[in-house]
Amino acid sequence: MVTDTRLQINTGWLSCAKRSECDHFDCRPIEHDISLLVIHNISLPPGEFGGPHIVDFFAGKLQPDHHPFFEQIYQMRVSSHLLIRRDGEIVQFVGFEQRAWHAGVSSFQGRTRCNDFSIGIELEGTDNDAYSEAQYKSLVHVTKVIMHNYPAISLGRIVGHNDIAPGRKTDPGSSFDWAQYRQQLG
Ligand SMILES: [Zn+2]
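About the criteria used
In this convention, every chain numbers its residues from 1, walking through the sequence in written order. With the structure being a predicted model, the display of local features is reserved for residues of pLDDT at least 70 and the display and counting of side-chain atom pairs for 80 or more, all residues being used for whole-chain, interface and lining totals. Just so you know, side-chain values use all the structure's heavy atoms and leave hydrogens and water out. Exposure categories follow from relative accessible area, calculated using a 1.4 Å probe and restricted to protein chains: below 20% of the type maximum is buried, above 50% is exposed, and the middle band is partly exposed. Elements are defined by DSSP. Helices are runs of H or I of four residues or more, strands are runs of E of two residues or more, and each kind is numbered from the N terminus. Only when DSSP finds a minimum of two bridges between them are two strands counted as paired. Whenever a helix is involved, its axis is fitted only over the stretch in contact; in every case the axis is a line through C-alpha atoms, and angles between N-to-C directions fall within 0 to 180 degrees. Our angle categories are set so that under 35 degrees counts as roughly parallel, over 145 as roughly antiparallel, 65 to 115 as roughly perpendicular, and the remainder as oblique. Here is the rule for handedness: rotate from the far helix to the near one, and if that takes an anticlockwise turn smaller than a right angle the crossing is left-handed, while a clockwise turn gives right-handed. Residue contacts are defined here by distance: any two heavy atoms, one from each residue, within 4.5 Å place the two residues in contact.

*Asks:* Help me out: how do you make sense of the pairing of strand E11 (residues 118-124) in this one?
*Replies:* For a regular strand, side chains alternate in direction, first toward one face of the sheet and then toward the other. Among the 7 residues of E11, 7 are classified as buried, and the element is accordingly described as predominantly covered. Burial of E11 is two-sided: the residues Ser118, Gly120, Glu122 and Glu124 facing one way and the residues Ile119, Ile121 and Leu123 facing the other way are all buried. In this sheet, E11 lies alongside strand E5 (residues 36-42) in parallel orientation, the contact comprising 7 bridges. For Leu37, the partnering residue across the bridge sits in E11 and is Ile119. Relative to E11, strand E6 (residues 82-84) is paired through 3 bridges, and the arrangement is parallel. Residue pairing across strands places Ile84 opposite Leu123, the latter belonging to E11.

*Asks:* I keep staring at the packing of helix H3 (residues 133-149) against helix H5 (residues 178-185) and nothing clicks. Help me out?
*Replies:* Running from amino to carboxyl end, H3 crosses H5 at an angle of 45°, the nearest separation of the two axes being 10 Å. With respect to their mutual orientation, H3 and H5 come out oblique. Handedness of the crossing formed by H3 with H5: right-handed. From H3, Glu133, Tyr136, Leu139, Val140, Thr143 and Lys144 reach across to H5, where they touch Gln180, Tyr181, Gln184 and Leu185.

*Asks:* What am I meant to see in the pairing of E5 here?
*Replies:* The element E5 is extensively covered by neighbouring structure, given that 7 of its 7 residues are classed as buried. Both faces of E5 are covered, namely the face carrying Leu36, Val38, His40 and Ile42 and the face carrying Leu37, Ile39 and Asn41. Inspection of the sheet shows E5 paired to strand E12 (residues 158-160) by 3 bridges, in the parallel sense. Across the sheet, the residue bridging to Ile39 is Gly160, located in E12.

What follows is the structure, encoded as structure tokens:
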């Protein structure tokens, strides 16, 4: 196992992640401007874990007739850089040097359009279900790797989606243990 965290990202792609097809991304307006990490949650259908639907959603291949909820969202063009599944598996959709479409209307310390300068990580989960230990383990690992490779992401620049889109977004929710996560990063 490679222990030097600097060696685990190659041209924006994590060596430990499974790569998944996605064309929901574009260029960052300012190249190499990567200074914020945003934690999210997602589950499709809501509250169900383990299916192929998140991967299908980010690939633009969600089938609207599969579930009533999918009818409302299947045309949305969104993505994240990473997804961490309940068993800790890490899936990467977009290279870190590219802009993924995860934050939407957002603002951090007065700067809007957080997609421009952030990395987005989706945890498979909900605001109310405790995340798994395997997810925390993977999240802590990838966060350390990301912080080593993109040193502008300091501890104070790791936030929830709710922090940059208050009133509009609630994820990762009260189920996310920020204290445990931050302690393990320290
Ligand atoms: Zn979110």
